[in-house]
Amino acid sequence: MGMLKIIEWEDNSSNTIVYKVDMRKDYITKGSKLIVRESQVAIFSDKGRMADVFLPGTYNLDIDNIPLLTKLMSWKYGFESPFKSDVFFVNTKQFTGFRWGTINPIIIRDADFGPVRVRGYGTYAFKVDDAYIFMKELSGSGKSYETNDITEYLRSMVVMGISDAVAESRIPVLDMAANLIELGDVVRNSLTEKLANIGIKITQFNFENFSLPENLEKALDKQTELGMMRQNMDVYTQMAQADALKEAAKNPGMAGGMMGAGIGWGMGSNMGRAFGNQMNQATTPKEETETCGKCNARIKKGAKFCPECGAPTGNFCPECGKPVSKGAKFCPECGKPLVKKCVKCGSKLSDNAKFCPECGERV
């Protein structure tokens, strides 16, 4: 049996979480040196019972720095040398590049589409945050513990956290792609709380994408296509007519039919617009007009005076504008004569006369 003077672990692997020092042929003596490197934690145990924990640094082993081990081994008189103990090194570095994916789709209730099945995939990273709890809960007294011994468990926890986060976020399916970072943060924080009881911490969590059922993706593509066509219907119609003419030019036998179809399309469109214009004109009420007896201008029917020459229209008094009966000679309101007479000879004049037909006096 050898006396173990230096206890250390030179980690040359990329996936070892826990390394157990082989003590089958060695003993630990008083004054043995323990070397714990950065990103490592050393733990002494006796018969599967976790005892003293050593953070990064160099230690000379004696009664002062292994009090729990001394108590577990029932040393009545202090450090008994040599002795045997299980020594574990726990790797506390970050393990990256692990992939996750939803084996079964997650059913969420979407505001636009109702119940929808979605799938997601991405990557995550983790580390041992509390080596003592990790050894006590998962590793135990095994020889070693590697990443593949825990990834299946972590993946199941990740998928469970994703299901809760997506369901509680209430983010619409169409907006999930724009909120992947926020969803990743929610899942990471949720998993940190759940995994604390086994000493594990999720350091990174990334969503790469969400996918929808194939039939829903096709329906969304069709909806997008129809929306684009509705916005650009005139352009699509012109393109279709141009394509039809090109095809007709390639096939002379089809030219007449295709040209006829194109002309018919255009004529139908033009006739529809013309018919619509005529209908609009027919349904629009026309304004009734009449002719001014003095200047022959067109005026609105029922107007009292001509807007062009100011002459009275109809049976109205030219002075006060009050209505008078047909054939009256004087206005019943103001008493003014209603018949135009020559101021010199008193002869009756027409409304548009400029000279008196009897005496030639200018009116």
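Residues numbered from 1 in each chain as written. Predicted model: local features only at pLDDT ≥ 70, side-chain atom pairs only at ≥ 80, totals over all residues. Heavy atoms only, no water.

Novice: Got a sec to walk through the overall build of the chain? Specific residues and values, please.
Specialist: Across its full length, the chain carries seven helices and 14 strands. Buried positions account for 30% of the 363 residues belonging to the chain. Counting contacts in the chain only where the partners sit at least 6 residues apart, residues at least 24 apart contribute 56% of the total. (Helix = DSSP H or I, 4+ residues; strand = E, 2+ residues; numbered from the N terminus. Buried < 20%, exposed > 50% of the residue type's maximum accessible area, 1.4 Å probe, protein only. Contact = heavy atoms within 4.5 Å.)

Novice: An account of helix H4 (residues 180-195) is needed here, citing residue identities and associated values.
Specialist: In an α-helix, one full turn covers 3.6 residues, which means residues spaced three or four apart are oriented alike. Look at H4: 22 Å from first C-alpha to last across 16 residues, which is about the 22 Å you get at 1.5 Å a residue. All of the buried residues along H4 are Leu180, Leu183, Gly184, Val187, Ser190, Leu191 and Leu195. Along the axis of H4, the buried residues cluster in a sector spanning 135°; they form a single face. In H4, the exposed positions angled more than 90 degrees off the buried face are occupied by Ile181 and Glu193. Next to the buried residues of H4 lie helix H3 (151-169) and strand S12 (200-211). (Expected span 1.5 Å × (residues − 1). Arc of directions from axis to C-beta.)

Novice: Mind laying out the sheet that holds strand S4 (residues 40-46), listing which residues take part and the relevant values?
Specialist: One open sheet holds the five strands; their spatial order is S5-S4-S7-S2-S11, and the pairing between them is antiparallel. In the strand order of this sheet, the two ends are held by strand S5 (49-54) and strand S11 (144-146), each with one partner. On average, each strand axis in the sheet is inclined to that of its neighbour by 20°, with strand direction left out of account. Where S4 lies against S5, four bridges are found, and the strand directions are antiparallel. (Pairing = 2+ DSSP bridges. Axes fitted to C-alpha atoms, helices over the stretch in contact; angles between N-to-C directions.)

Novice: Kindly report on the pairing of strand S2 (residues 16-20), identifying the contributing residues and their values.
Specialist: Side-chain direction in a regular strand flips from residue to residue, so the side chains alternate between the two faces of the sheet. When S2 meets S11, the two strands line up antiparallel, connected through three bridges. Within S11, the position partnered with valine 18 by the bridge is tyrosine 145. In the sheet, S2 pairs with strand S7 (residues 86-91) via three bridges, with the strands oriented antiparallel. Bridging from a neighbouring strand, lysine 20 pairs with phenylalanine 88 of S7.

Novice: Run through the nonpolar core, naming residues and quoting values.
Specialist: Among the nonpolar cores identified, the biggest contains 43 residues, and Ile17, Phe126, Ile162, Ile200, Phe205 and Phe207 are the most heavily contacted of them. Considering each element in turn, this core owes the most residues, six residues, to H3. Once residues within four sequence positions are removed from consideration, isoleucine 17 is found in contact with Phe89, Val90, Asn91, Phe95, Phe126, Val128, Phe134, Tyr145, Glu146, Thr147 and Ile150. Residues Ile7, Leu34, Ala42 and Met73 belong to the second largest nonpolar core, which totals 18 residues. (Core = buried A, V, L, I, M, F, W, Y, C linked by side-chain atoms within 4.5 Å.)

Novice: Got a sec to walk through the pairing of strand S10 (residues 114-128)? Specific residues and values, please.
Specialist: Sheet analysis places strand S8 (residues 95-101) next to S10, joined by five bridges and oriented antiparallel. Across the sheet, residue phenylalanine 98 finds its bridge partner in S10, namely tyrosine 124. Here strand S9 (residues 106-110) runs beside S10; their pairing, made up of five bridges, is antiparallel. Residue pairing in the sheet places isoleucine 107 in a bridge with arginine 117 of S10. Joining the antiparallel neighbours S9 and S10 is a turn of three residues. In the sheet, S10 pairs with S12 via ten bridges, with the strands oriented antiparallel. Across the sheet, tyrosine 121 pairs through a bridge with asparagine 209, a residue of S12.

Novice: An account of the pattern of salt bridges is requested, with residue identities and associated values reported.
Specialist: For the structure on display, the rule yields seven salt bridges. Ionic pairing is found between arginine 155 and glutamate 152, a salt bridge with its closest N-O pair at 2.6 Å. One end of the pair, arginine 155, and the other, glutamate 152, are both in helix H3, three residues apart, so they sit about a helical turn from each other. Here arginine 188 and aspartate 185 are joined by a salt bridge, their closest N and O atoms 3.6 Å apart. One end of the pair, arginine 188, and the other, aspartate 185, are both in helix H4, three residues apart, so they sit about a helical turn from each other. Judged by its relative accessible area of 33%, aspartate 185 falls in the partly exposed class. Each of the salt bridges in this network shares a partner with another, and the network as a whole consists of Glu8, Glu10 and Arg37. (Salt bridge = Lys/Arg side-chain N within 4 Å of Asp/Glu carboxyl O.)

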